Amino acid sequence: MFDIARQLHLTRSLEHFSERFDELLNSAHLYQPQLPIELIDEIAFTTGELMLVVTNYPGHHEDKLIREVLSHARGLRERLRVGESQGDQVTKDCDSFRQEIAQHLRDSKKAA
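This one's a predicted model, so the numbers in the text were calculated from it and none came from an experiment.

What counts as what
For every chain, the first residue of the written sequence is number 1, and numbering continues from 1 onward in sequence order. Whole-chain, interface and lining totals are the exception, using all residues; otherwise, since this is a predicted model, local features are given only for residues with pLDDT of at least 70 and side-chain atom pairs are given and counted only at 80 or more. In computing side-chain properties, one takes all heavy atoms of the structure into account and sets aside hydrogens as well as water. Whenever a helix is involved, its axis is fitted only over the stretch in contact; in every case the axis is a line through C-alpha atoms, and angles between N-to-C directions fall within 0 to 180 degrees. Starting at the N terminus, helices and strands are each numbered in turn, a helix being any DSSP run of H or I of at least four residues and a strand any DSSP run of E of at least two. Each angle receives one of four descriptions, namely roughly parallel if under 35 degrees, roughly antiparallel if over 145, roughly perpendicular if within 65 to 115, and oblique otherwise. A crossing counts as left-handed when the near helix is turned anticlockwise from the far one by less than a right angle, and as right-handed when that turn is clockwise. By definition in these notes, contact holds between two residues if any of their heavy atoms fall within 4.5 Å. By the convention adopted, Pro, Cys, Tyr, Trp, Phe, Met, Ile, Leu, Val and Ala count as nonpolar, Lys, Arg, Asp and Glu as charged, and the other residues, Gly among them, as polar. To estimate the expected span of a helix, subtract one from its residue number and multiply by 1.5 Å. Under the scheme applied here, a residue whose accessible area is under 20% of the maximum for its type counts as buried, over 50% as exposed, and between as partly exposed, the area being computed with a 1.4 Å probe on protein chains only. Whenever Lys or Arg places a side-chain nitrogen within 4 Å of a carboxyl oxygen from Asp or Glu, that contact is recorded as a salt bridge.

Student: How do you make sense of the packing of helix α2 (residues 37–55) against helix α3 (residues 64–82) when you look at a structure like this?
Tutor: Describing two packed helices takes the angle between their axes plus the distance from one axis to the other. Taken N-terminus to C-terminus, the directions of α2 and α3 make an angle of 155°; their axes are 9 Å apart at the nearest point. Regarding the angle of α2 to α3, the classification is roughly antiparallel. In terms of crossing hand, the pair formed by α2 and α3 is left-handed. Between α2 and α3, the residues in contact are I40, D41, I43, A44, F45, T47, G48, M51, V54 and T55 and I66, V69, L70, A73, R74, L76, R77, L80 and R81, respectively. Each residue belonging to the contact of α2 with α3 can be placed in one class, and the counts come to 12 nonpolar, 3 polar and 4 charged.

Student: I would appreciate a short explanation of α2 in the present structure.
Tutor: For α2, spanning 19 residues, the distance from its first C-alpha to its last is 27 Å, which sits close to the expected 27 Å at 1.5 Å a residue. Here α2 has its buried residues at L39, I40, I43, A44, T46, T47, G48, E49, L50, M51, V53 and V54.

Student: Help me out: how do you make sense of the environment of Q34 in this one?
Tutor: Position of Q34 relative to the elements: it lies in the loop between α1 (2–30) and α2. Sequence separation between Q34 and D88 is 54 residues, and the spatial gap between their C-alpha atoms is 8.2 Å.

Student: Hey, could you run me through the pattern of salt bridges in this one?
Tutor: Pairs may arise between side chains of opposite charge once their charged atoms sit close together. For the coordinates displayed, the defined rule picks out 7 salt bridges. Here R79 makes a salt bridge to D93, at a shortest N to O gap of 3.1 Å. Within this pair, whereas R79 is found in helix α3, its partner D93 is found in helix α4 (residues 87–111), the two being separated by 14 residues in sequence. A salt bridge links R98 to D95; the shortest N-O distance between them is 2.8 Å. Of this pair, R98 and D95 are both found in helix α4, 3 residues apart, which corresponds to roughly one turn of the helix. Each of the salt bridges in this network shares a partner with another, and the network as a whole consists of R20, E23 and E42.

What follows is the structure, given as structure tokens:
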């Protein structure tokens, strides 16, 4: 029972932050080419929240997709925090990350 409840909670959390990430990315497309610092900060924060959710998945150290998602998220978050990416590069990186999260969410729903 606990495993099922935990899996559902993690899936719902992933859905919530994934939806928020999508909203932020849609906003980023409107601000091309120069993104407001507040939007970049919110994208970095939400990326961090997604990382926390993903690291709570059982067996995340053994799952190749999860390791790739975390690695991509870590790199994206670092680039956002130090301001290395420009507007269109941020959205490209975020689009790629969003696809990875969507795949993980589909896999998570199948497991639940």
